Structures are given as C-alpha cells and as structure tokens.
Amino acid sequence: RPESETIMEFGKYFDLLTPTTDKTCPAINPRVCIDYIYCLKNKAKVQVKDSKVMKEFQNGDVEVASDHLPVFAEVSF
C-alpha cells in the first residue's frame, strides 16, 4: 500500500511513475492501491506523459483477466 514501509523504502531507490490514489485491487470493486510502475533513480531524465489505472478496454473484460486492475505509464527518456 502507498503508506507501507516497503513502498517508503522503494522511494529511496526508485521514482514512482503511476498514481497511488487510484485503487487497483480487487479488479471488481477495487478498494486499495497495491500496483505501481517504478523507474530506477539514476541520472536518466524520465518524463511521465500519462499514467493511470486501466479500467476499460476495447476488447475483453478487465474484471476477469486478473484480480488486479492493470496500471499504465507512458514515459519518454
């Protein structure tokens, strides 16, 4: 979870690229955010163009594909 010790420790070495305010689990009626995309902190400049939790798709049913909603990040280096 965003406030967990594990996520705080990740923040020392990685930059978070996705939102922590959107809930990802379970896929049906999500209640918590536990899915993220990170980038290793280094000298490379990363620009997040878009990031979100995917809730709708053109094809398929996201609620049966997994027990988590997928997260998406469009970035440029």
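Residues numbered from 1 in each chain as written. Predicted model: local features only at pLDDT ≥ 70, side-chain atom pairs only at ≥ 80, totals over all residues. Heavy atoms only, no water.

(A) Looking closely at the overall build of the protein. The secondary structure content of the protein amounts to two helices and four strands. Helices and strands appear in the protein in the N-to-C order α-β-β-β-α-β. Taken over the C-alpha atoms alone, the protein extends approximately 40 × 30 × 15 Å along its principal axes. Taking all 77 residues of the protein together, 21% fall into the buried category. Across the protein, contacts joining residues at least 24 apart in sequence account for 59% of those joining residues at least 6 apart. Of the charged side chains in the protein, 10 are positive and 12 negative; the average position of the first set lies 8 Å away from that of the second. (Helix = DSSP H or I, 4+ residues; strand = E, 2+ residues; numbered from the N terminus. Buried < 20%, exposed > 50% of the residue type's maximum accessible area, 1.4 Å probe, protein only. Contact = heavy atoms within 4.5 Å. Lys, Arg positive; Asp, Glu negative; His and termini not counted. Charge placed at Lys NZ, Arg CZ, Asp CG, Glu CD.)

(B) Fine view of the side chain of D35. Positionally, D35 belongs in the loop between β1 (14–16) and β2 (38–40). Polar contacts involving the side chain of D35 include one to the side chain of T24, which spans 2.6 Å. Among the polar contacts listed, one links the side chain of D35 to the side chain of H68, at a separation of 2.8 Å. When near neighbours in sequence (up to four residues on either side) are disregarded, D35 contacts T18, T24, H68, L69 and V71. (Polar contact = N/O pair within 3.5 Å; in protein donor to acceptor, adjacent residues only side chain to side chain.)

(C) Quick look at the pattern of salt bridges. Per the counting criterion, the structure on display carries three salt bridges. In this structure, E9 engages K12 in a salt bridge whose closest nitrogen and oxygen atoms are separated by 3.0 Å. Taken together, the residues E9 and K12, both in helix α1 (residues 5–13) and three residues apart, mark about one turn of the helix. Look at K12 and you get exposed, because its relative accessible area is 52%. In this structure, the salt-bridge partner of K52 is D50, at a minimum N-O distance of 3.3 Å. On the basis of relative accessible area, D50 is assigned to the partly exposed category, the value being 27%. (Salt bridge = Lys/Arg side-chain N within 4 Å of Asp/Glu carboxyl O.)

(D) Layout of unusual backbone geometry. Residue C25 is joined to P26 through a cis peptide bond whose omega torsion reads -10°. Note on placement: P26 falls in the loop between β1 and β2. Although it is not a glycine, N29 adopts a positive phi angle of roughly 55°. With respect to the secondary-structure elements, N29 resides in the loop between β1 and β2.

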